[in-house]
Amino acid sequence: MLRLAVIALLLANAGYYAWSQGWLRSWGLAPVEQSEPHRLAQQIRPETLRILPARDIAPVAPAAANEALAAPSSGTVCLQAGLLEPRQADAVRTAAAALPQGSWSLQSTAIPGRWMVYMGRFADDEALAKKRAELRTRNVPYDRPNNPALEPGLSLGRFATEEAAQRALTTLSSQGVRTAKVVVERAETQGFTLRLPALDSATRAQAQALLRPALGDKELRTCP
């Protein structure tokens, strides 16, 4: 037993010696070298590496970064609003006079008329209430006319053409509605479209501030 232990010790020492002398490297059994020349061989152009002192490293200024993000685009946008009635167009024309010359225009267009099947004018509110009750029993919808000159009265439908209104009146007559008639609720008038074809960010903000009171319920929208 002692002889076997001695032989095993000798073999172990021989293996370590072969390992440490690099005899087993060709078999892929050598350890990875950690020496400095071996690491330098793995670097890419190590001679270009230069370590800067902390004082030479300039941090990115947050304010400059924010300014770059907030910089306005050089592009422009086209906006328009309409249709505007003549009185409203006059108010818009006055407000837009403060904008740069040539940055806006008012384009004229026709606002078509509108016809209505109408009942009225009634003598008083009692007569109006009686007619409403009669229409409800016949399942005929109604509402108030938009023209104050037709009050007190009832609208039984609004139409883009007189022919369409006459057809509706014929249908209502077959339902027992006898005293209705076709009237012009709104005559054809001239309208205007405000157009601002090339606004940059600054001029757009100025236009919105100047024109908002004059436009009322009309909004500036992107041109089609």
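Residues numbered from 1 in each chain as written. Predicted model: local features only at pLDDT ≥ 70, side-chain atom pairs only at ≥ 80, totals over all residues. Heavy atoms only, no water.

Naming follows an unreviewed UniProt entry, where the chain appears as Sporulation protein of Acidovorax carolinensis.

(A) Examining the overall build of the chain more closely. Across its full length, the chain holds seven helices and seven strands. Start at the N end of the chain and walk to the C end: the helices and strands fall as α-α-α-β-α-β-β-α-β-α-β-β-α-β. Burial analysis of the chain (224 residues in total) assigns 25% to the buried set. Within the chain, residue pairs in contact and separated by at least 24 positions form 76% of the contacts whose partners lie at least 6 positions apart. In the structure as shown, the chain presents an accessible area of about 16100 Å², 56% of it carried by carbon and sulfur atoms. (Helix = DSSP H or I, 4+ residues; strand = E, 2+ residues; numbered from the N terminus. Buried < 20%, exposed > 50% of the residue type's maximum accessible area, 1.4 Å probe, protein only. Contact = heavy atoms within 4.5 Å. Areas by Shrake-Rupley, 256 points an atom, 1.4 Å probe, with all protein chains shown as cover.)

(B) Looking closely at the nonpolar core. Counting residues in each nonpolar core, the largest one holds 17 residues, and the members touching the most others are Leu84, Val92, Leu106, Leu194, Leu196, Leu211 and Leu215. For this core, the elements supplying multiple residues, two or more each, are strand S1 (77-84), helix H4 (86-96), strand S6 (189-199) and helix H7 (201-215). Once residues within four sequence positions are removed from consideration, leucine 215 is found in contact with Ala81, Leu84, Gln88, Val92, Leu194 and Leu220. Residues Val117, Leu128, Leu156 and Ala180 belong to the second largest nonpolar core, which totals 13 residues. (Core = buried A, V, L, I, M, F, W, Y, C linked by side-chain atoms within 4.5 Å.)

(C) Summary view of the pattern of salt bridges. Per the stated rule, a full pass over the model turns up eight salt bridges. Measuring nitrogen to oxygen at the nearest pair gives 2.8 Å for the salt bridge that ties aspartate 90 to arginine 93. Taken as a pair, aspartate 90 and arginine 93 lie in helix H4 at a separation of three residues, close to a single helical turn. Look at aspartate 90 and you get partly exposed, because its relative accessible area is 44%. One salt bridge in this structure joins glutamate 151 and arginine 144, with 2.9 Å as the shortest N-O distance. By relative accessible area, glutamate 151 is classed as buried at 18%. Each of Arg114, Asp143, Arg158 and Glu185 takes part in salt bridges that share partners, so that together they form one network. (Salt bridge = Lys/Arg side-chain N within 4 Å of Asp/Glu carboxyl O.)

(D) Quick peek at the state of the cysteines. Taken as a whole and assessed by the stated rule, the structure comprises one disulfide. Here cysteine 78 pairs with cysteine 223 through a disulfide, and the sulfurs are 2.0 Å apart. The sign of the S-S torsion, about -70°, decides the handedness of the disulfide formed by cysteine 78 and cysteine 223: left-handed. Of this pair, cysteine 78 sits in strand S1 while cysteine 223 sits in the segment after strand S7 (221-222), and the two are 145 residues apart along the sequence. (Disulfide = S-S within 2.5 Å.)

(E) Examining the sheet that holds strand S3 (residues 114-120) more closely. Pairing in this open sheet of three strands is antiparallel, and the strands run S4-S3-S5 from one edge to the other. Of all strands in the sheet, those bounded by a partner on one side alone are strand S4 (153-159) and strand S5 (181-186). Across this sheet, the average inter-strand angle for adjacent strands is 40°, counted without regard to direction. Summarising the sheet, S3 and S4 pair through five bridges and their orientation is antiparallel. Opposite methionine 119, over in S4, you have leucine 154 as the bridge partner. Across the sheet, helix H5 (residues 125-137) touches S3 and S4, and the angle it forms with S4 is around 50°. (Pairing = 2+ DSSP bridges. Axes fitted to C-alpha atoms, helices over the stretch in contact; angles between N-to-C directions.)

(F) Fine view of the pairing of S1. Pairing between S1 and S6: five bridges, direction antiparallel. Bridge pairing in S6 places leucine 84 opposite phenylalanine 192. Where S1 meets S7, two bridges bridge the pair, whose relative direction is antiparallel. What sits directly across from glutamine 80, in S7, is arginine 221.

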